[in-house]
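Residue-level listing of the chains:
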Amino acid sequence: MRNKVTKAIFPVAGLGTRFLPATKSVPKEIMTLVDRPLIQYAIDEARAAGIKEFIFVTSRGKGALEDYFDHSPQLEAELRKKGKDDLLEALKSTNMESGAIAYIRQHRALGLGHAVWCARRLIANEPFAVILPDDVIAAETPCLQQMVEAYEETGGSMVAAMEVPVAQTSSYGMLDVAEDHGRIVNVQGMVEKPAAGEAPSNLAVIGRYILTPDVLRNLNKMKQGAGGEIQLTDAIAQEIEDGRPVHGVRFTGQRFDCGSKAGFLQATVAFGLARDDLRDALQDFLKEIMHVDQAAQ
Ligand code: UTP
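Just so it is clear, the model here is predicted, and its values are computed rather than measured. (Residues numbered from 1 in each chain as written. Predicted model: local features only at pLDDT ≥ 70, side-chain atom pairs only at ≥ 80, totals over all residues. Heavy atoms only, no water.)

**Q** Talk me through the packing of aromatic side chains; I want residue IDs and the actual numbers.
**A** Aromatic rings considered in pairs are described by the distance between their centres and by the relative angle of their planes. Taken as a whole, this structure holds eight aromatic pairs when the rule is applied. Between the aromatic rings of Phe10 and Phe56, the centroid separation amounts to 5.0 Å while the plane-to-plane angle is 20°, which identifies the pairing as stacked. Separated by 46 residues along the polypeptide, Phe10 in strand 1 (residues 7–11) and Phe56 in strand 4 (residues 53–58) bring together distant segments of the chain. Each member of the pair Phe10 and Phe56 is classed as buried. Geometrically, the ring pair formed by Phe56 and Phe69 is tilted, given 5.4 Å between the ring centres and 40° between the ring planes. With Phe56 in strand 4 and Phe69 in the loop between helix 2 (63–68) and helix 3 (73–81), this residue pair connects regions lying 13 residues apart in the sequence. Overall, the relative accessible area of 0% leaves Phe56 in the buried class. By relative accessible area, Phe69 is classed as buried at 5%. Within the aromatic cluster, the residues linked to one another by ring pairs are Phe10, Phe54, Phe56, Tyr68, Phe69 and Tyr103. Across from the ring centre of Tyr41, 4.2 Å away, lies the NZ or CZ of Arg36, which sits over that ring. Positioned above the aromatic ring of Trp117 is the side chain of Arg120, whose terminal nitrogen or guanidinium carbon lies 3.6 Å from the ring centre. (Phe/Tyr/Trp six-rings, centres within 6.5 Å; stacked < 30°, edge-to-face > 60°. Helix = DSSP H or I, 4+ residues; strand = E, 2+ residues; numbered from the N terminus. Buried < 20%, exposed > 50% of the residue type's maximum accessible area, 1.4 Å probe, protein only. Lys NZ or Arg CZ within 6 Å of the ring centre and 35° of its normal.)

**Q** Tell me about the nonpolar core, and name the residues and values.
**A** Residues Phe10, Phe54 and Leu144 are the most contacted members of the largest nonpolar core, which totals 38 residues. Of all elements in the fold, only strand 1, helix 1 (38–48), strand 4, strand 6 (128–131), helix 7 (143–154), strand 8 (157–163) and strand 11 (203–211) reach the threshold of two or more residues within this core. With six residues, the single largest contributor to this core is helix 7. Counting 33 residues, the second-largest nonpolar core is a separate cluster that includes Ala119, Val185, Val187 and Tyr209. (Core = buried A, V, L, I, M, F, W, Y, C linked by side-chain atoms within 4.5 Å.)

**Q** A description of the site of the ligand should follow, citing residues and the corresponding values.
**A** Around the ligand sit 17 residues, and of these Leu15, Thr17, Arg18, Lys28 and Gln106 come closest. Isolated, the ligand exposes 570 Å² of accessible area, and the fraction of that covered by the protein chains is 82%. Residues belonging to the shell around the ligand are distributed by class as follows: eight nonpolar, five polar and four charged. (Near = heavy atom within 4 Å. Areas by Shrake-Rupley, 256 points an atom, 1.4 Å probe, with all protein chains shown as cover. Nonpolar A, V, L, I, M, F, W, Y, C, P; charged D, E, K, R; others polar.)

**Q** Which residues make up the environment of Asp135, and what are the values?
**A** Structurally, Asp135 is set in strand 7 (residues 135–138). Residues Asp135 and Leu38, 97 residues apart in the sequence, show an inter-C-alpha distance of 8.6 Å. Apart from residues no more than four positions distant in its own chain, Asp135 is found in contact with Ile206, Gly207, Arg208, Arg255, Phe256 and Asp257. A distance of 2.7 Å separates a polar atom in the side chain of Asp135 from the backbone nitrogen of Gly207. (Contact = heavy atoms within 4.5 Å. Polar contact = N/O pair within 3.5 Å; in protein donor to acceptor, adjacent residues only side chain to side chain.)

**Q** Quick one: what's the story with the state of the cysteines, residue by residue and with numbers?
**A** Cysteine pairs can be linked by a disulfide, which is a covalent bond between their two sulfur atoms. Applying the stated criterion to the full structure yields zero disulfides. Distance from the sulfur of Cys258, which forms no disulfide, to the nearest cysteine sulfur (Cys143) is 14 Å. (Disulfide = S-S within 2.5 Å.)

**Q** Summarise helix 10 (residues 261–273); cite the residues concerned and give the values.
**A** Structural remark: α-helix, 3.6 residues per turn; residues separated by three or four positions point the same way. Between the first and last C-alpha of helix 10 there are 18 Å, a value that for 13 residues agrees with the 18 Å anticipated at 1.5 Å per step. Every buried residue belonging to helix 10 is among Gly263, Phe264, Ala267, Phe271 and Gly272, and all of these are buried. All buried residues of helix 10 fall inside an arc of 160° around its axis, so they share one side. (Expected span 1.5 Å × (residues − 1). Arc of directions from axis to C-beta.)

**Q** Describe the packing of helix 3 against helix 4 (residues 85–92), naming the residues involved and giving the relevant values.
**A** Helix packing geometry: the angle between the two helix axes and the distance between the axes. Orientation of helix 3 relative to helix 4, taken along the N-to-C sense of each, is 155°, at an axis distance of 8 Å. Taken as axis vectors, helix 3 and helix 4 run roughly antiparallel relative to one another. You can see that helix 3 and helix 4 cross each other, and the crossing is left-handed. Where helix 3 approaches helix 4, its residues Leu75, Glu76, Leu79 and Arg80 are matched on the opposing element by Leu87, Leu88 and Leu91. Residues belonging to the contact of helix 3 with helix 4 are distributed by class as follows: five nonpolar, no polar and two charged. (Axes fitted to C-alpha atoms, helices over the stretch in contact; angles between N-to-C directions. Parallel < 35°, antiparallel > 145°, perpendicular 65-115°, else oblique. Left-handed = near helix turned anticlockwise from the far one by under 90°.)

And the structure:
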């Protein structure tokens, strides 16, 4: 019987420079797709996969994130008085059980690997998930749940894998695949942000991981990688060099890179169109502006 994955790390200590000036005072993870902040999508996905402990690696200026998960007695009382049960229900999903949530500070943005390492004492000796909230994945079965199911078959460390065009490999950690079993691939190497044409496959790693505590030990070495940052990819690649298994899962679903402006806008439109209360008005508007745009050309 494998250890169940019950803890997840949410690294949210990055500077979010691509969204400046907004991220000067608003954490990227609090930015909303329709009416829910990015972090809510990540938490819902984690809950669906059986996660019970939520560990946030935060930094200066991320206070709004901590407040988001607090109970709000005054607001709740007001909504109750007005009979707004649907809004009360919506608020419920933001509340965390006492003791289920922990915040660790990353004092300097030294990279994703470093952020994960900051949470090492809360992980102890068990497998754990890592979720990057700026990767939002629309899927019938939530992505992390698909990974937990695959992990129960394989054990070891696991990354979410997505096919990308050759021109985009320099934006991702790319997998070197030893054996391709379709849904699951055995990984024999990982390369961080290779130039177009130099990637070992077209499978990119996106922001969902299930990792063994060995990866945290690899991070102890504080090795700087691509961009001078301490890269999580390097610590996972070390696992392969040490002869321990690493797998990629071709998940089913659509991933939006909400860390980029284009991805965030695409997600906003897609999530808006998925909502019964917004679809018609949004569709009409999109048709209209596409029409105007075409006429202008
Ligand atoms: P990104 O590469 O998107 O960096 O980090 P960023 O700082 O958030 O955004 P830009 O590139 O400046 O616009 C990917 C994830 O890793 C976290 C981020 O918060 C994000 O969830 N991260 C990154 C950390 O927690 N600490 C770091 O030192 C770096």
